[in-house]
Structure formats: structure tokens, C-alpha cells
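Listed below, chain by chain, are the residues.
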Amino acid sequence: MALNSSVSPDDVRTMFSRAMSDMYRAEVPQYGTLMELVAEVNRATLDRNSELQERLARADELDRLDLERHGAIRIGTAAELSTMRRLFAVMGMVPVGYYDLSVAGVPVHSTAFRPIDDASLAINPFRVFTSLLRLELIEDEDLRKEAQAILDRRQIFTPGALRLIKKFEDQGSLTPTEAEEFVSEALETFRWHSEATVDADVYGKLLAAHRLIADVVSFKGPHINHLTPRTLDIDAVQVGMPERGITAKAVIEGPPTRSCPILLRQTSFKALEESVLFMGDEHTRRGTHTARFGEIEQRGIALTRKGRALYDELLASVRDEDGAGSASADYPSRLAEAFARFPDSYEEIRAQDLGYFRYSLTGSGAVADLTGLGMDDLIAAGHIEAVPIVYEDFLPVSAAGIFQSNLGGSEQKSYAANANRDAFEAALGASVLDEFRLYEDAQARSIGAVEAALRDGRK
Ligand code: OOG
Ligand code: NI
């Protein structure tokens, strides 16, 4: 290998997501069990559904399936968030979307770092849901100042990681040796530390303000709190979890079971109670903390703004009925009933402009004389195919449900709705990309390529 050769950000991302998965498997054994269950369910689903197998292969999604996972972290300060943005850039991941979770009683706002190019997504779509703590939502002024001071004292990145981020920014890439070093240095930031940086008393006060505040402020860094594999049949995984001794969340977040999956469905297993050592003397040092959990997701077609508005409306109609959110016993049946209004065939989703598709010429399209036919005719005649574009992002209501199920169940705080995207972007040091634009562009690029190929064919 030449000394000055460089590693692409896509490869650094794959190296990193593998290293992260190995680390989490060693730290949280149930994650390993879940990975095995998901691999089995995916294999069985593909075996009995050859149409799905073909569709995923055509959409370039089959190869990435085993690699596919997302993680989540919670960050304490603006400076940490902006350095995190630079760290993810080394792996070709940029901030997409703004999620305000304060409405759901969680004092954070968030974005997702992920790749955005078609080719990079096909290689490995690894994403990290990244939340920034909103200390301004702590009411007690003394506690707020104390939390801020604790956070200001910590450095969550290793000197090696900082040096290599700078090097990447200066050189535009990393050499193979640098990339390996970067991955192991960057991983340190996401590692779990059982030794808290505060004493039991301060931890108790933070916990009383909000369990999430204690999680962010009391430790050396933003430990990865879950890593989520993608399954092709989340209902089967939900049934399989208890059979393997894993306690699953009661209901699956997101849309109901459908033949054409839309957006994202997610379920999780409860956070582990882990031993921690607080600062202070021997008598008060021992304690526990719950933060890390497991989650599984099933991804479906990305919806247009129109499709998303319908999704939000139908979901809200079910959740608002009794204010019980997804907790009430008949929730799954009410959800299914409400979503009967959402078309469940790709033809209909396309016809009503509810979802995004990637268009390409089929073999017959490349040879036939297609002069004078419109897009819909060409699709109907089998010359062009429209493959659903997979949703690569997250859902705020689902994310809130996942947060809540891991906050000890009964915890319900309410904060006034106060989305503050400007403050988030100022902390991040960049704007977040609009996810709808990304899907629109991907669809438009595919249409452009088909039109160009047809023009060439006609010459
Ligand atoms: C993040 C929860 C949200 C998802 O998949 O929606 C999330 C967290 O608990 O930090 O990961
Ligand atoms: Ni998640």
C-alpha cells in the first residue's frame, strides 16, 4: 500500500460502526443476543419473500442490511456538539433534521448525523441520533449553574482524536494508519464509564431534576446508549425477544404493520441497571444508573411532505383520543384502524404523491423505442421501474416514546413547547439539512438519469 494512500470517509465509517458494535456487544451482552435474533428473522423473511429480496437488491439495500444500525448519544454543551460535528465529518456524516423533544417532556433537542449520498448510503448508512441537553430547562438556578460548571470542566475527546480531526480537515482525508488510529481514539468518547464524575449527593439532585440530566452531566463522556440493528420484520423480533429472555417495550412505536412499510417502526428493551461508583468516601460511593438499552427498527419508504402530513394526522388522531399516548391496551388496534386511510400499495402511494421513489430503466426500456410515452405509461408498460426510497431519518414522537420508556416508566415532566432550531444550529456551528430536500433530490436525480438515457437512446 502506498504510504500516502488515503481511506475514504465511507470506509472510516464502516470501520467505526464495526468497532462500535464490537464494543457495545462486549459491554451489553443482550445486544449480542438481539443481533442474532435480528439476523435470524431477516434471513427467514428474505427466504419466504423473494419479491422483497429482489426489491432490496434493486434498491442496493441488501448488502448494507447486516451493517445497518444507528446509535444515540446525549451531549452536554455547545462546544461538545460542534466538535462532534467535526468528528462525524471524518466519517462522511452530516447533521440532518431538527427534532425538538422538549414537547414530550425530554429536555433535549437533536439531530441525526448520517451519510447523504446515494453511493455512501448504499455502502453503510450508519447514523447517530445526537441530542443536546437544554440546561436552560432546569428550573433550580443553583443546580443549573452547578451542572454547567461540571460540564465545562470535562473534555470528552481524546487529544489523539482532536489531532486527527484537525489533520482530516487540513489534508482532506486520512491515511490507512491514521484512519485506524482515529477509529480507536474516537471510540473512547462513546465508551461507558462506571465511575461517575460527581458524588452521590449531586447525582441525586440531578436525577430529581430529570433522569436524563443526571445521565448527561454525571459521567466522563456521552456513552453510546443504544445501537439499533435494522430488521425486515419487527413484529417477529418483538415476539422473539421474550423467548430469549429479553423484556421488550410494550408496543412498537410508529406506523402499524402494513404490506408496504412506511417511515420507521421501532421497539426497544429496557435500560439495564448498572453499578456505578460515585466520587466521595467508601460509604456513599456505590450506586446504580440506568441508561443503556437495546432497540430494533424496521425502515420503510420515505414520505413526501404530503405523505408525512397524513402520517402525522393519523398518528395524532390515535394518540390524542385519551391522552394515554401509546400506553393504552387497545392502542395497536386503534392505530391499525386509523391507518386504514393510508394507501397500502406502492402504486397508490406513488399515484397520490405520498412517497419518494428512485426511477430506473428496466432492460426492456433500454432497447425499446419509447418515443412519445410519458413516465406513467413507461412504468405501466414495464420499461421504467419505481423503487421506494428508504427513510433514513427518525420520528420525533417515536423518539420521545423510546426516551420515555427508558426513563423509569413513570417519569413525566412537561416543558412548554419551545423548539429552538436557531439555538441548536448556533451550538452545532452549522445548519442542519432538510431531510425532505434530500429525498426530493435523490428522486429528481434518478428521473434526470432516466430522461438522459431515453434521449441518448433516441439519437
Ligand atoms: C435517543 C432516543 C431516540 C430513536 O431511535 O428514535 C432514538 C436517546 O434515548 O438518547 O434513538
Ligand atoms: Ni434509537
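See the structure printed just above.
What this report covers is the structure whose coordinates are included nearby.

The nickel ion (ligand 2) binds to the protein through His70 (NE2), His226 (NE2) and Glu295 (OE), with metal-donor distances spanning 2.1 Å. When the donors of the nickel ion (ligand 2) are listed by position in the chain, the intervening gaps give H-x155-H-x68-E. Here Glu295 lies in strand E10 (residues 294–299) and His70 lies in strand E1 (residues 69–75), a separation of 225 residues in the sequence. Each member of the pair, His70 as well as Glu295, is classed as buried.

Helix H7 (residues 159–171) packs onto helix H4 (residues 78–89) with a crossing angle of 60 degrees between their chain directions and a minimal axis gap of 9 Å. Comparing the axis directions of H4 and H7 gives the class oblique. Where H4 crosses over H7, the handedness of that crossing is left-handed. Facing Thr83, Arg86, Leu87 and Ala89 of H4, the residues of H7 in contact are Leu162, Ile165, Lys166, Phe168 and Glu169. The residue inventory of the contact of H4 with H7, partitioned by class, reads five nonpolar, one polar and three charged.

Ordered in space as E2-E3-E4-E1-E6, the five strands form an open sheet in which the pairing is mixed. The open sheet terminates on both sides in strands that have one partner only, identified here as strand E2 (94–100) and strand E6 (226–229). Going from strand to strand, the sheet's axes swing by 20 degrees on average, the running direction of each strand aside. As paired strands, E1 and E6 are joined by four bridges and run antiparallel to one another. Among the inter-strand pairings, Ala72 is bridged to a residue of E6, identified as His226. Across the sheet, helix H2 (residues 29–48) is in contact with E1 and E6; its angle to E6 comes to roughly 10 degrees. Each of E1, E2, strand E3 (108–114) and strand E4 (127–133) is contacted by helix H18 (residues 396–405), which is oriented at about 75 degrees to E4, the strand it contacts most.

Our focus in this paragraph is the pattern of salt bridges. According to the stated counting rule, one finds 38 salt bridges in the structure shown. Across the salt bridge formed by Glu40 and Arg244, the nearest N and O atoms sit 2.8 Å from each other. Within this pair, whereas Glu40 is found in helix H2, its partner Arg244 is found in the loop between helix H11 (234–243) and strand E7 (264–269), the two being separated by 204 residues in sequence. Classification of Arg244 by relative accessible area gives partly exposed; the value is 31%. Measuring nitrogen to oxygen at the nearest pair gives 3.3 Å for the salt bridge that ties Arg48 to Asp233. With Arg48 in helix H2 and Asp233 in the loop between E6 and H11, this pair connects stretches of sequence that are 185 residues apart.

What counts as what
Positions within a chain are numbered from 1, following the residues in the order the chain's sequence is written. Here the convention is simple: chains get letters from A, ligands get numbers from 1, in the order in which they are written. Local features in this predicted model are restricted to residues of pLDDT 70 or higher, and side-chain atom pairs are both shown and tallied only at a pLDDT of 80 or more, whereas totals for entire chains, interfaces and linings draw on every residue. To obtain the side-chain values, all non-hydrogen atoms of the structure were included, while hydrogens and water were left out. In this analysis a donor is any N, O or S atom within 2.8 Å of a metal ion (3.2 Å for sodium, potassium and calcium), and since water is not included, sites may seem incomplete. Strands are runs of DSSP state E lasting at least two residues, helices are runs of H or I lasting at least four, and both sets are numbered from the N terminus onward. Here's how the labels work: a residue is buried when its accessible area is under 20% of the maximum for its type, exposed when over 50%, partly exposed in between, all with a 1.4 Å probe on protein chains only. Interaxial angle, 0 to 180 degrees, is taken between N-to-C directions of lines fitted to C-alpha atoms, where a helix line uses only the stretch in contact. For classification, angles of less than 35 degrees are called roughly parallel, those exceeding 145 degrees roughly antiparallel, those between 65 and 115 degrees roughly perpendicular, and all remaining angles oblique. Whether a crossing is left-handed or right-handed is set by the direction in which the near helix is turned from the far one by less than a right angle, anticlockwise for left-handed and clockwise for right-handed. Contacts are assigned to residue pairs that have any heavy atoms within 4.5 Å of one another. Under the convention adopted here, Pro, Cys and the residues Ala, Val, Leu, Ile, Met, Phe, Trp and Tyr are nonpolar, Asp, Glu, Lys and Arg are charged, and Gly plus all remaining residues are polar. A pair of strands is treated as paired once DSSP finds two or more bridges between them. Just to be clear on terms, a salt bridge is a Lys or Arg side-chain nitrogen sitting within 4 Å of an Asp or Glu carboxyl oxygen.

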